[in-house]
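# Topology and contacts: notes
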Amino acid sequence: MPTKLYRFFSLVNTLAKMELKEEASRFVLRYFWWILEPVILIAIYYLVFEYFLRIGAEEFILFLFVGKIPFLWFTKTVLVASGSIAGNKGLINNIDMPKTLFVYVSVHEALYKQWVVFLVMFGVAVFNGRWPGLNWGWLIPLLAVEYGLILFFSMFSALCVSFVPDIRMLIQMGMIFLMFTSGIFWDVENLPPALRDLVLTWNPLAFIVDAFRQVLIHESVYDRFQLLELAALVIVGLLLIHLLMHKMSRTIAAKVVEA
Amino acid sequence: MSEDRDDAKIRGDHARALKALRDQYFNDRRRLQARLENLRSKYQTSKSTRLIMSVKDIRFTYVTRVGMFKRFVHCALDGISFGLRKGETLGILGRNGSGKSTLLRLLAGVVDPSSGEVECAPETTRALLTLGLGFRSDLSGSDNAVLSAMLQGSSKDEAVAALPSIKEFSELGSFFEQPVKTYSAGMRSRLGFATAMNTNVDVLLIDEALGAGDAHFRQKATDAMANRIKNSETVVLVSHNGSEVQQLCDRALWLEHGVIRMEGNAQVVGEKYNESAT
């Protein structure tokens, strides 16, 4: 079993890195885009909010950036991963392998690119006078839980899309809904207490976005008990979805091949 | 005088007894040898007839969506049963659309049959040998060979260690490090075949792989395949060429419209199949 697990993750790692290598080889600027993309994003925000809209609220760019980056990690990964099983028809048609592999590859591909984006986000925080301290250590469990959450939703959406491809359209719309309800452009802390608790309890992404802001902007700590609850839920969810995908492996293959 | 006679008689009796004992010894030895030989051949027979896979009355139906409420149902295999013995080479013959590739996918465990059973001996590893499995055209031949080997179950170290032999067998030279999109169709096939031949499993399932490259490489591929078959591996070979099956297989199945039209010795089935084509 440990050998099998090691081989599985070694394959995930190799496939994800090869995908990135392939993607980079299609562009003239290659891996440079990993840095360029978040930097252009900051430039756009700066132009739109500081110059055109003149929303001069204090540190609005920092507020927006620290919210948007963790949110984008979630939405971009889940959207790409949702098509990962259906998109690997050729391989699924030829090898009997765990279908979770394709989801893991998509999630890790995004993860390997994400660390550069996070570095830029930390850079923006430092630029705004938030120096790294011990408090930043609270980001580690937060990142781990967000990774688990991304993995769970990626698997769930990839499973659904392999049966009904139309669900991908719904996921795209769902992400827009999430963007407006997760406090990316507004601060969840400014809501009336009852509504604030409601949003933070039922929208895990709103909680994660707010937690990043607590650490990086307010230099305080998020509700650790709530993160623990979320981690427990994510672990149970991941165990169940792995079990389900293992049981349904050949049914998924038949659906993908027939599609 | 009489003592001399008695001595001679005794010596004669001893000699006779000794001869009888010797005869009995040789007879027993021969009998035991024959029995041992018999047991050995019985063991060999039972070993070679041991089933590694058995297919019981399988049916496979494709249901494809062709409209919002319309579905196209196609029965690719209908009531197929046969056994695969350890160490044998089974050929599956059939024209396009006869269901042979679907059967191979069921044997590989990629999909389950709609009904019936595909039983496999415990701990048996099997792989469907496909040319260019998961090849990405923007990556080099070397990267693709590593990926393909890992997808077939090798570890990364094993995959990397096999690269020199893959490079040599595929005869790609300096192209091996170039993106696959720069390859000709023949070069792609050669890389695909060289990578696929690297797989080590109990049951090797091959889908019309021998058509790779030019005549020289085809011969090299056929020899490599024959070599693996000779090394007593269990092989299932799908082909639409009766002569190829005659050349490489012990037994053959002839599929037509999803049912078995003929089954038996590869020479006989291959010949009948070829006759039907002319």
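Our focus in this paragraph is the overall build of chain B. Counting its secondary structure elements, chain B contains 9 helices and 9 strands. Compactness check: chain B gives a C-alpha radius of gyration of 28 Å against a globular reference of 19 Å for 278 residues, more than 25% above the reference. Overall, chain B is about 120 × 50 × 40 Å in size when its C-alpha atoms are taken along their principal axes. Looking at the 278 residues of chain B, the share that counts as buried comes to 37%. Look at the contacts in chain B between residues 6 or more apart in sequence, and 67% of them connect residues 24 or more apart.

We now examine the overall build of chain A. Looking only at helices and strands, chain A has 11 helices and 0 strands in total. Ordered by position from the N terminus, the helices and strands of chain A form the series α-α-α-α-α-α-α-α-α-α-α. Computed over the C-alpha atoms, the radius of gyration of chain A is 19 Å, within 12% of the 18 Å expected from 2.2 N^0.38 for a compact globule of 259 residues. For the C-alpha atoms alone, the extent of chain A along its principal axes is close to 55 × 50 × 35 Å. Each of the 259 residues in chain A was classed as buried or not, and the buried ones make up 36%. A separation threshold of at least 6 residues defines the contact pool for chain A, and within that pool the share at least 24 residues apart is 77%.

Moving on, we come to the packing of helix α3 (residues 60-82) of chain A against helix α9 (residues 204-216) of chain A. Residue and element names in this part refer to chain A. Where α3 meets α9, the axes come as close as 9 Å, and the angle between the chain directions of the two elements is 140°. By the angle class used here, α3 and α9 are oblique. Note that α3 runs across α9; the crossing there is right-handed. Seen from α3, the contacting residues are F63, V66, G67, P70, F71 and F74; seen from α9, they are L205, I208, V209, F212, R213 and L216. Its residues assigned to classes, the contact of α3 with α9 shows 10 nonpolar, 1 polar and 1 charged.

Moving on to the sheet that holds strand β8 (residues 251-256) of chain B. Residues and elements named next belong to chain B. In space, the 6 strands of this open sheet follow the order β5-β6-β7-β3-β8-β9, with mixed pairing throughout. At either margin of the open sheet sits one strand with a lone partner, and together these are β5 (126-129) and β9 (259-265). Taken over all neighbouring pairs, the strand axes of this sheet differ in orientation by 15° on average, direction set aside. Relative to strand β7 (residues 234-239), strand β3 (residues 89-93) runs parallel, the two sharing 5 bridges. Bridging from a neighbouring strand, I92 pairs with V238 of β7. Sheet strands in contact with helix α9 (residues 266-277) are β3, β8 and β9, and its direction is about 135° off that of β9.

So, about the pairing of β8 of chain B. Side-chain positions along a regular strand alternate between the two faces of the sheet. All names here are of chain B. β8 sits mainly inside the fold: 5 of its 6 residues count as buried. Note that β3 and β8 share 4 bridges and pair parallel. Note that in β8 the partner of I92 across the bridge is L253.

Turning to the confidence of the model for chain B, a few remarks are in order. The predicted model of chain B averages 84 in pLDDT, with 94% of residues at 70 or higher. Interface predicted TM-score (ipTM) for the complex: 0.81; the corresponding pTM is 0.82.

In this assembly, 22 residues from chain B lie in contact with 21 residues from chain A. For the side of chain B that touches chain A, the element with the most residues is helix α3 (residues 141-151) of chain B, which contributes 4 residues. Class assignment of the residues belonging to the side of chain B that touches chain A gives a composition of 11 nonpolar, 5 polar and 6 charged.

Rules used in this analysis
Residues numbered from 1 in each chain as written. Chains lettered and ligands numbered in written order. Predicted model: local features only at pLDDT ≥ 70, side-chain atom pairs only at ≥ 80, totals over all residues. Helix = DSSP H or I, 4+ residues; strand = E, 2+ residues; numbered from the N terminus. Rg over C-alpha atoms; globule rule 2.2 N^0.38 Å. Buried ≥ 20, exposed ≤ 12 C-beta atoms within 10 Å, placed from the backbone. Contact = placed C-beta atoms within 7 Å. Axes fitted to C-alpha atoms, helices over the stretch in contact; angles between N-to-C directions. Parallel < 35°, antiparallel > 145°, perpendicular 65-115°, else oblique. Left-handed = near helix turned anticlockwise from the far one by under 90°. Nonpolar A, V, L, I, M, F, W, Y, C, P; charged D, E, K, R; others polar. Pairing = 2+ DSSP bridges. pLDDT = per-residue confidence, 0-100.

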